[in-house]
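Understanding the architecture of this molecule
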Amino acid sequence: MLCSALAFLSCFVPPKIHPFLLSRIGPSISLFVQESNLVWQKSHACFAMYAQVIDRYLREARAILAAAPESGGGDAVAALGLIDAALELSPRMEAALELRARALLALRRYREVAEMLRDYIPSCGKSCSGEDASSSSSLSSSSSGDLGTISRAKLLSPERHRSDAAETDRGTARSFRCFDVSELKRRVLAGLSKNPNTDTQWRYLVLGEACFHLGLIEDAMVLLQTGRRLASAAFRRESVCWSEDSFSSSTVAAAVASVPSGNASKSGSAFIIPAVESEAMSQLLAHVKLLLRRRTAAMAALDAGLPAEAVRHFSKILEARRGVLPHTFAAACLVGRAASFQAGGRPADAIADCNRALALDPAYIPALRARADLLQSVGALSDSLRDLDHLKLLYDAALRDGKLPGPRWRPQGGVRYREIAGAHRKLIARIQGLRSRAAVGEGCNIDYYALLGVRRGCTRSELERAHLLLSLKLKPDRAVVFGERLELVDEHRDLEAVRDQARMSALLLYRMLQKGYSFIMSAVIDEEAAARQRAKEAAALPKQQQHAAPIPENPPA
């Protein structure tokens, strides 16, 4: 028991206190204590060597990432390998975690950044249940500075003296407690001089940028605003120790610009955002707010019964030339514009937008639902059944896997997993009803008038004008233009695959439009021929009446 206590104390008591313990315990234990002291010294030497190796890895990785803009991307893969080697030696080192996240951003591997920091995504549901599970998950994702804060809180908690008094009242012997005064002083001063939130401010900025590229626009806005607020608070705390001469504009700009990305403090993370990164984050935040403002205006116009206004706002998002647009956010806007087109009586444009959304993401449930409804509304039951069968496969996979397709944080247009079971039952009944209708021959009765957006009995000029506008807008060659401004982050699909899918879907819709134009034009020609025949008959009727009238023999004088 005594040996165990000495072995435990040897990890905390400095070497200069050991002679006092040796003189009191006796020569029988002195050899053991000396061996413990030797192990302690060797472990500290090993830790120092590991710290030097980690510092060298991080310096090399930081230099590679800093040279990335000049070298056109740099060897970010090599930097990531160095960072991973450093994390194997120190898995919870904050500076290494920050560099790894920034290296993944440089490599455009945004999903890995989101998986690495998924606990910080506001819309990401906690997989753990209960307070214990949530606390354990937060501890696993916290930084080394957070662990120091937790241990300091336990060490200086007011309950500590109360527990000691309770032990004395119960008559139990109080255990001997010995602390390293230098370590305690360092922790207390660190807690007084810095805010623990500054250790994790880089997480909000890096994750905010990754969430924007993944299409989580609301989460990106919240994270970027939080990161900027923490950075501003850190800058104010740092400026307290500056003299009055340090507050000139040139000095402040030089001080901010002199802090490179990744230069860490003793706690392992930077306190001030570099000037270039701060400007980039400000522009990104302004772009995010503009996208959300336009989408909100479009949805409000659609709810107010103004489909043309909603189409205008959605088109500003999808056809703007400024900035990039994540493909998941673009798919959601395409589905919203399709709903606006449907409300305005333009089903062909709505189907085209659904085709574009499904070219970006073939497993996007709202786009499949919307296209199936549109095809059923115009009477294309066979095409609608094809989309419903695809939707049923997605529902089956979701019920089998226990989650929606893709990562848990991936947006699915408001679809929730708890709704899948009920929607699956309704979908099976709907498929059976459509198949019974198609079996009796209703699948060939397509309403081409509704598809082209013309009235029954329209004139030739009205039909030609509607067909010309739809042909120019929806021809297959123009179907691939929409993907030029989009940013694809899906590793399994590239731009060529999206273009091929969009061209194929547009070709099917174009053929349907041409078939509808031929069908309606034949009806218009028949109507014109019937009208000419009626006009000819109407013109011949007076002559027949004139020839049939009797002529008097002796007209009156």
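Residues numbered from 1 in each chain as written. Predicted model: local features only at pLDDT ≥ 70, side-chain atom pairs only at ≥ 80, totals over all residues. Heavy atoms only, no water.

Scanning the protein chain from N- to C-terminus turns up 23 helices and two strands. In the protein chain, buried positions account for 39% of the 557 residues. In the protein chain, the proportion of contacts linking residues at least 24 apart, taken out of those at least 6 apart, comes to 66%. For the protein chain, the exposed area adds up to about 31,300 Å²; of that, 58% sits on carbon and sulfur atoms. (Helix = DSSP H or I, 4+ residues; strand = E, 2+ residues; numbered from the N terminus. Buried < 20%, exposed > 50% of the residue type's maximum accessible area, 1.4 Å probe, protein only. Contact = heavy atoms within 4.5 Å. Areas by Shrake-Rupley, 256 points an atom, 1.4 Å probe, with all protein chains shown as cover.)

Here we take up helix 18 (residues 365–377). Taking 1.5 Å of rise per residue, 13 residues should cover 18 Å, and helix 18 covers 18 Å from first to last C-alpha, within 8% of that figure. Within the span of helix 18, buried status applies to Ile 365, Pro 366, Ala 367, Leu 368, Arg 371, Ala 372, Leu 374 and Leu 375. Just downstream of helix 18 lies Gly 379, where phi reads positive at about 90 degrees. (Expected span 1.5 Å × (residues − 1).)

On to the packing of helix 15 (residues 307–319) against helix 16 (residues 327–343). Where helix 15 contacts helix 16, the two axes come as close as 9 Å, and the packing angle between them is 155 degrees. Classified by the angle between their axes, helix 15 and helix 16 sit roughly antiparallel to one another. Crossing hand, helix 15 versus helix 16: left-handed. Contacts from Pro 307, Ala 310, Val 311, Phe 314, Ser 315, Ile 317, Leu 318 and Glu 319 in helix 15 reach Phe 329, Ala 330, Cys 333, Leu 334, Gly 336, Arg 337, Ser 340, Phe 341 and Ala 343 in helix 16. Taken together, the residues of the contact of helix 15 with helix 16 sort by class into 12 nonpolar, three polar and two charged. (Axes fitted to C-alpha atoms, helices over the stretch in contact; angles between N-to-C directions. Parallel < 35°, antiparallel > 145°, perpendicular 65-115°, else oblique. Left-handed = near helix turned anticlockwise from the far one by under 90°. Nonpolar A, V, L, I, M, F, W, Y, C, P; charged D, E, K, R; others polar.)

On to the packing of helix 11 (residues 201–214) against helix 12 (residues 217–239). One way to put it is that helix 11 packs onto helix 12 with a least axis distance of 8 Å and a crossing angle of 155 degrees. Our classification of the angle between helix 11 and helix 12 gives roughly antiparallel. The interaxial crossing formed by helix 11 with helix 12 has left-handed handedness. Residues Gln 201, Tyr 204, Leu 205, Leu 207, Gly 208, Glu 209, Cys 211 and Phe 212 of helix 11 form the contact with helix 12, whose own contacting residues are Ile 217, Asp 219, Ala 220, Leu 223, Leu 224, Thr 226, Gly 227, Arg 228, Leu 230, Ala 231 and Ala 234. Looking at the contact of helix 11 with helix 12 residue by residue, the classes come out as 12 nonpolar, four polar and three charged.

In terms of nonpolar packing, the biggest core is built from 87 residues, with Leu 325 and Leu 360 touching the most fellow members. Here the element with the most residues in this core is helix 11; it accounts for nine residues. Discounting chain neighbours no more than four positions away, the residues touching Leu 325 are Leu 291, Ile 317, Leu 318, Ala 330, Arg 485, Leu 486 and Glu 487. Ala 348, Leu 374, Leu 509 and Ile 520 belong to the second-largest nonpolar core, a separate cluster that totals 30 residues. (Core = buried A, V, L, I, M, F, W, Y, C linked by side-chain atoms within 4.5 Å.)

The next subject is the confidence of the model for the protein chain. Across the protein chain, the average pLDDT comes to 74, with 67% of residues at 70 or higher. Of all secondary-structure elements in the protein chain, the lowest mean pLDDT belongs to helix 8 (residues 144–155), at 35, while helix 18 reaches the highest, 93. Predicted confidence for residues 5–9 stays below pLDDT 50, and this span has seven contacts to residues more than four positions away or in other chains. (pLDDT = per-residue confidence, 0-100.)

This brings us to helix 5 (residues 94–106). Look at helix 5: 18 Å from first C-alpha to last across 13 residues, which is about the 18 Å you get at 1.5 Å a residue. Summarising burial for helix 5: 11 of the 13 residues are buried, a large majority. Taken together, the buried positions of helix 5 are occupied by Glu 94, Ala 95, Ala 96, Leu 97, Glu 98, Leu 99, Ala 101, Arg 102, Ala 103, Leu 104 and Leu 105.

Close approach of charged atoms allows side chains of opposite charge to pair. On inspection of all chains with the given rule, the structure shows 25 salt bridges. Notably, a salt bridge pairs Arg 102 with Glu 98, separated by 3.3 Å at the nearest N-O pair. A residue pair is termed a helical-turn pair when its members lie 3 or 4 positions apart in one helix, as Arg 102 and Glu 98 do in helix 5 at four residues. Take Arg 102: its relative accessible area is 18%, and that puts it in the buried class. When its relative accessible area of 4% is taken as the criterion, Glu 98 is described as buried. Here the salt bridges do not stand alone but share partners, grouping Glu 319, Arg 337, Asp 353 and Arg 356 into one network. (Salt bridge = Lys/Arg side-chain N within 4 Å of Asp/Glu carboxyl O.)

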